[in-house]
Amino acid sequence: MADRLSDDEIAEQLPSSWQREGDEIVRVYEFTDYLHGVNFAQMVGEIAEAQFHHPEIIIRFKEVEIRLTTHDEGGITDADIEMAEFIESEQTAQTGGIDDVEL
Ligand SMILES: C[C@H](O)[C@H](O)[C@H]1CNC2=NC(N)=NC(=O)C2=N1
């Protein structure tokens, strides 16, 4: 399992749309309707199972919040950064960069 990243490493490696909140990295995706968000959450869950690295996924009306940390290490590691990048690339591939995921 990867070691915890330093504050500088996190700042350098965090994808641009993500924020750091303590020992977590966080991104809120906006959608035009509730079920688009639900579908997006399903996609994130499938990525999580494939990577065996599981975010907290909060589904709200017209938005989904993704929170990542490495529980085994008690902080932010490469696994969290890589997962965030993977989610970003999948979401962008499906929507051309806007947040509304039409699945
Ligand atoms: C045993 C341990 O729970 C597993 O190795 C995986 C499962 N998914 C995980 N997900 C996250 N976010 N952090 C972990 O440390 C983690 N560990």
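Residues numbered from 1 in each chain as written. Predicted model: local features only at pLDDT ≥ 70, side-chain atom pairs only at ≥ 80, totals over all residues. Heavy atoms only, no water.

- For the protein, an unreviewed UniProt entry supplies the name 4a-hydroxytetrahydrobiopterin dehydratase and the organism Halovivax ruber.
- Taken from UniProt, the Sequence similarities (unreviewed entry) comment for the protein reads in full: "Belongs to the pterin-4-alpha-carbinolamine dehydratase family."
- What UniProt states about the protein under its Catalytic activity (unreviewed entry) heading is, verbatim, "(4aS,6R)-4a-hydroxy-L-erythro-5,6,7,8-tetrahydrobiopterin = (6R)-L-erythro-6,7-dihydrobiopterin + H2O". (UniProt positions renumbered as here; feature names shortened; annotations may be inferred.)

### Things to note about the overall build of the protein
And step 1. A tally of regular secondary structure across the protein gives 3 helices and 4 strands.
And step 2. Traced from its N-terminal end to its C-terminal end, the protein shows the element sequence α-β-β-α-β-β-α.
And step 3. The globule rule puts the C-alpha radius of gyration for 103 residues at 13 Å, and the 13 Å found for the protein is close to it.
And step 4. Along the three orthogonal principal directions, the C-alpha set of the protein runs to about 35 × 25 × 20 Å.
And step 5. Looking at the protein as a whole, 40% of its 103 residues qualify as buried. (Helix = DSSP H or I, 4+ residues; strand = E, 2+ residues; numbered from the N terminus. Rg over C-alpha atoms; globule rule 2.2 N^0.38 Å. Buried < 20%, exposed > 50% of the residue type's maximum accessible area, 1.4 Å probe, protein only.)

### Some thoughts on the site of the ligand
And step 1. Residues in contact with the ligand, as listed here, are Phe52, His53, His54, Thr69, Thr70, His71 and Asp72.
And step 2. A distance of 2.7 Å separates a nitrogen atom of the ligand from a polar atom in the backbone of Thr69.
And step 3. Within the backbone of Asp72, a nitrogen or oxygen atom sits 2.9 Å from an oxygen atom of the ligand. (Near = heavy atom within 4 Å. Polar contact = N/O pair within 3.5 Å; in protein donor to acceptor, adjacent residues only side chain to side chain.)

### Examining the pairing of strand 4 (residues 63–68)
And step 1. With respect to burial, strand 4 is a largely interior element, 5 of its 6 residues being buried.
And step 2. Taken together, the 5 bridges between strand 3 (residues 56–60) and strand 4 define a ladder with antiparallel strand orientation. Bridging from a neighbouring strand, Glu56 pairs with Arg67 of strand 4.
And step 3. Linkage of strand 3 to strand 4, two consecutive antiparallel strands, is achieved through a turn of 2 residues, within which Lys62 is found at a positive phi near 70 degrees. (Pairing = 2+ DSSP bridges.)

### Details of the environment of Pro15
And step 1. The topology assignment puts Pro15 in the loop between helix 1 (7–13) and strand 1 (19–21).
And step 2. The class for Pro15 is buried, based on a relative accessible area of 13%.
And step 3. With 73 residues separating them along the chain, Pro15 and Glu88 place their C-alpha atoms 8.2 Å apart.
And step 4. Residues in contact with Pro15, not counting those within four places in the same chain, are Ala84, Glu85 and Glu88. (Contact = heavy atoms within 4.5 Å.)

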